[in-house]
Amino acid sequence: MFPDILTDPLLLDAYYQLLCSEEREQHRRFRFAKGRHEYLVTRALVRTVLSHYVAVDPRTWQFEKNAYGKPAIAYPHGILPLSFNLSNTNGLIVCLVALDREVGVDVEDMERPGETVEIADRFFSPAEVAALRALPIEAQRDRFFAYWTLKEAYIKARGMGLSLPLEQFSFHLAVGHPVRISFDPRLEDNPNSWQFAQFRPTSRHVIAVAIRRGADPDLTIQIHQTLPLVL
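A quick note: this is a predicted structure, and the numbers were derived from the prediction, not measured.

Caption draft 1: Main features of the packing of aromatic side chains. If you walk through the whole model with that rule in mind, you get 13 aromatic pairs. Each ring, one from Tyr-154 and one from Phe-183, has its centre 5.5 Å from the other, and the planes form 40°; the classification is tilted. Of the two residues, Tyr-154 sits in helix H6 (residues 137-158) while Phe-183 sits in strand E7 (residues 180-183), which places them 29 residues apart along the sequence. The burial state of Tyr-154 is the same as that of Phe-183; both residues are buried. Look at Trp-194 and Phe-196: their rings are 6.1 Å apart centre to centre, the planes differ by 20°, and that puts the pair in the stacked class. Judged by relative accessible area, which is 4%, Trp-194 ranks as buried. Phe-196 gets classed as buried once you look at its relative accessible area, which sits at 9%.

Caption draft 2: Focus on the environment of Asp-106. Note that Asp-106 resides in strand E5 (residues 103-109). For Asp-106, a relative accessible area of 5% translates into the label buried. Taking the C-alpha atoms as reference points, Asp-106 and Val-94, 12 residues apart in sequence, are found 7.8 Å from one another. Discounting residues that sit within four places of it in the chain, Asp-106 has contacts with Ser-87, Trp-148, Thr-149, Glu-152, Ala-153, Val-206, Ile-207 and Ala-208. Here Ser-87 takes part through its side chain, which lies 3.3 Å from a polar atom of the side chain of Asp-106.

Caption draft 3: Region of interest: the nonpolar core. Counting 28 residues, the largest nonpolar core has Tyr-154, Phe-169, Phe-171 and Phe-196 as its most contacted members. Listed by contribution, the elements that provide at least two residues to this core are helix H4 (117-123), helix H5 (126-133), H6, strand E6 (169-172), E7, strand E8 (194-199) and strand E9 (205-212). Counting residues per element, this core draws most heavily on H6, which supplies nine residues. In contact with Phe-171, not counting residues within four places along its chain, are Glu-128, Tyr-147, Leu-150, Lys-151, Tyr-154, Val-179, Arg-180, Ile-181 and Phe-196. Counting 24 residues, the second-largest nonpolar core is a separate cluster that includes Val-56, Leu-82, Phe-84 and Cys-95.

Caption draft 4: Fine view of H5. Among the residues making up H5, those that are buried are Glu-128, Val-129 and Leu-132. Seen from one end, H5 has its buried residues packed into an arc of 100°, which puts them on one side. Elements in contact with the buried residues of H5: H4, H6 and E6.

Caption draft 5: Representation of the pattern of salt bridges within the structure. All told, the structure shown has 18 salt bridges when counted by the stated rule. Of the charged contacts in the structure, one is a salt bridge between Glu-38 and Lys-34, with a shortest N-O distance of 3.2 Å. With a gap of four residues between them, Glu-38 and Lys-34 both fall in helix H3 (residues 33-53), about one helical turn apart. The residue Arg-186 makes a salt bridge to Asp-184 at a minimum N-O spacing of 2.9 Å. Given a relative accessible area of 60%, Arg-186 falls into the exposed group. Salt bridges sharing partners connect three or more residues here, namely Glu-102, Arg-158, Asp-189 and Arg-212.

The rules behind these values
- Residues numbered from 1 in each chain as written.
- Predicted model: local features only at pLDDT ≥ 70, side-chain atom pairs only at ≥ 80, totals over all residues.
- Heavy atoms only, no water.
- Phe/Tyr/Trp six-rings, centres within 6.5 Å; stacked < 30°, edge-to-face > 60°.
- Helix = DSSP H or I, 4+ residues; strand = E, 2+ residues; numbered from the N terminus.
- Buried < 20%, exposed > 50% of the residue type's maximum accessible area, 1.4 Å probe, protein only.
- Contact = heavy atoms within 4.5 Å.
- Polar contact = N/O pair within 3.5 Å; in protein donor to acceptor, adjacent residues only side chain to side chain.
- Core = buried A, V, L, I, M, F, W, Y, C linked by side-chain atoms within 4.5 Å.
- Arc of directions from axis to C-beta.
- Salt bridge = Lys/Arg side-chain N within 4 Å of Asp/Glu carboxyl O.

Honestly, that's just the spatial picture; any functional story needs more than this.
In C-alpha cells:
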C-alpha cells in the first residue's frame, strides 16, 4: 500500500473509527503528522486485510505481541489460524498474511540515506560480506538491501528479533535460482523448511518475504495493491 496517496479526510476518519482505544492513544503519541498518518493507515490495512480472509468486522480484531514485539491475533477465537506480519518504509506499507505459518516481511527504501555496505561489514556473515564485496561498486548497494531485507524477514518470521545474531545465517543469491539460506550450527534451524522471495514493486523499494513451509512444496505468494475500505 502506498500511504502517501491516502489524503481524503473522510476516508482517514473512517480508518480512525476502526482503531481500538489503545491504537488511538498510540496514534496521538506521534509527534509528527507523517508518523501519525503511517500508523493510522497501517492499522487500517492490517484490520481490513485480515477481514478479507475471515468474515469479521475490522473493528473486532484484537492483537498481542510476544516478548520480542512480534504481533499476533489475540481475538476473536475459533477462527482460521491466520498469521501476519507488517513492515513499512518511506512511501510503502506491506502486510503479509498466511494460514498457520511462521511468516516475516520487510520492505526498505533503497534511496534512504545512511550507511549500507559498512553495516554489512559489521553485522553480516563472512560469506555474505565476501559475496557483496566481490561485486562491482555500483552493484553493492542493491545487494546490501537484498541481504538486509531477507535477514529482517527471517528474524521477524522467527519472532525473536535481534536475539538471532545476523552473522549466524547466510543468504545465497544467484540469478535464475531460488533464494537459499544456510545456518551456523549454533542456530539450530533447517534451511529446507524455509521459502524466501523478493519483489521490487517500485524502482526504489524492495520487499523480502520469509515463510516456514516445513515439508510442504513451495507456496504461491500473491502480491496485491490495496487501499483499505476502497479496493
